[in-house]
Amino acid sequence: MISATAVGGTSSNQPTTTGREQESMEVDIPSDFALAGPSGGSTSDWPARSPRVDESNNVWLNKPPMERFIDILDQLDTKVESLRKEALVLRDQKDFLAMSVDLLKNNEYLTGLNENERDEINCYVQRISNRLGTVELNVCTVRDQAQEDSLHHVNSLIDMIISSADPVISRQKCQQFLNACSTTDTSVYSDIDPTTVCTDKKFESALLGCTLDDQKTIKKRLQALLVYLTQQTIVH
């Protein structure tokens, strides 16, 4: 059985498991193990947390060596994928905060403040932006050069919406971009003729050049942006 021994864990005199529990092999992660590493522990704590083989498990020892490695790797692969998904959620949250800061910097109501008030707000916004910049979340997506160029083009078009001073036009353009995301997803428009949906063809062309993971991220970003712009339009 594969297990990870936490610092200050149980002693070696603890009875071993039997029955179905003994037949299973599992890679255990301590409950206090955070995404960034052991919480409150130093690098010297890591060896004690490494997976180890329970040599008293006859079922495990009777397996062919190749099967043992495959079992371990399958479990590690599952946990790595789970980690990637959690990191992607955090990255989306950071992107949403960054977008909110950018929108606030270009808010038309700032023009109604006097110069001192605008300076104070801009300094506060810059301080938040700088602090957000200290958070680095990097989940790599494999792209070729053409996909990199397409993603850059898409982000440039979205940034134009964010920097626009007219919330009505920005909302209309954002809706067209979001429609383009939906028409590329056959699970959404399986029974609808995509030609009847109003989209931005330039954006749609750039979007189709992106990876599937990037397309999903772009769609989430546009959905959040549309909600914000809709609220701004109603207030306006």
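Quantities reported herein were computed from a predicted structural model and do not represent experimental measurements.

1. What about the overall build of the chain?
- In terms of regular secondary structure, the chain is built from 8 helices and 4 strands.
- Classification of the 236 residues of the chain by burial places 26% in the buried group.
- Nonlocal contacts in the chain, meaning residues at least 24 apart in sequence, comprise 72% of its contacts between residues at least 6 apart.
- Per element, the accessible surface of the chain, about 15,800 Å² overall, is 55% carbon and sulfur.

2. Examining the nonpolar core
- Within the largest apolar cluster, 22 residues are counted, with the highest numbers of intra-cluster contacts made by Ile158, Phe203, Ile218, Leu222 and Leu225.
- Looking at this core, the elements that each hand over two or more residues are helix 3 (65-105), helix 5 (145-163), helix 6 (167-183), helix 7 (201-208) and helix 8 (212-235).
- Sorting elements by how many residues they give to this core places helix 5 first, with 6 residues.
- The residues contacting Phe203, other than those within four sequence positions of it, are Val154, Leu157, Ile158, Phe177, Ala180, Cys181, Ile218 and Leu222.

3. Points about a nonpolar patch on the surface
- A grouping of Met66, Phe69, Ile70, Leu73 and Leu76 is seen on the molecular surface, where their side chains present a nonpolar patch of about 510 Å² in accessible area.
- Checked against the element boundaries, Met66 lands in helix 3.

4. A look at the packing of helix 5 against helix 7
- For the pair helix 5 and helix 7, the least separation of the axes is 8 Å and the interaxial angle reads 145°. You can see that helix 5 and helix 7 cross each other, and the crossing is left-handed. Of helix 7, the residues touching helix 5 (which contributes Ser150, His153, Val154, Leu157 and Ile158) are Lys202, Phe203, Ala206 and Leu207.
- A per-class count over the contact of helix 5 with helix 7 returns 6 nonpolar, 2 polar and 1 charged.

5. Here's the deal with the packing of aromatic side chains
- Counted by the stated rule, this structure contains 1 aromatic pair.
- Between the aromatic rings of Phe177 and Phe203, the centroid separation amounts to 4.1 Å while the plane-to-plane angle is 5°, which identifies the pairing as stacked. Of this pair, Phe177 sits in helix 6 while Phe203 sits in helix 7, placing them 26 residues apart in sequence.
- Accessibility expressed as a relative area gives 2% for Phe177, which makes it buried.

6. Comments concerning the UniProt feature "coiled-coil region" (unreviewed entry) in the chain
- Sequence positions flagged by UniProt for "coiled-coil region" (unreviewed entry) are, in local numbering, residues 66-93.
- Taken end to end, residues 66-93 is 100% helix and 0% strand, and its two terminal C-alpha atoms sit 41 Å from one another.

Quick notes on the rules
- Residues numbered from 1 in each chain as written.
- Predicted model: local features only at pLDDT ≥ 70, side-chain atom pairs only at ≥ 80, totals over all residues.
- Heavy atoms only, no water.
- Helix = DSSP H or I, 4+ residues; strand = E, 2+ residues; numbered from the N terminus.
- Buried < 20%, exposed > 50% of the residue type's maximum accessible area, 1.4 Å probe, protein only.
- Contact = heavy atoms within 4.5 Å.
- Areas by Shrake-Rupley, 256 points an atom, 1.4 Å probe, with all protein chains shown as cover.
- Core = buried A, V, L, I, M, F, W, Y, C linked by side-chain atoms within 4.5 Å.
- Patch = residues over 30% accessible without salt bridge, like charges linked within 9 Å, V, L, I, M, F, W, Y side chains within 5 Å.
- Salt bridge = Lys/Arg side-chain N within 4 Å of Asp/Glu carboxyl O.
- Axes fitted to C-alpha atoms, helices over the stretch in contact; angles between N-to-C directions.
- Left-handed = near helix turned anticlockwise from the far one by under 90°.
- Nonpolar A, V, L, I, M, F, W, Y, C, P; charged D, E, K, R; others polar.
- Phe/Tyr/Trp six-rings, centres within 6.5 Å; stacked < 30°, edge-to-face > 60°.
- UniProt positions renumbered as here; feature names shortened; annotations may be inferred.

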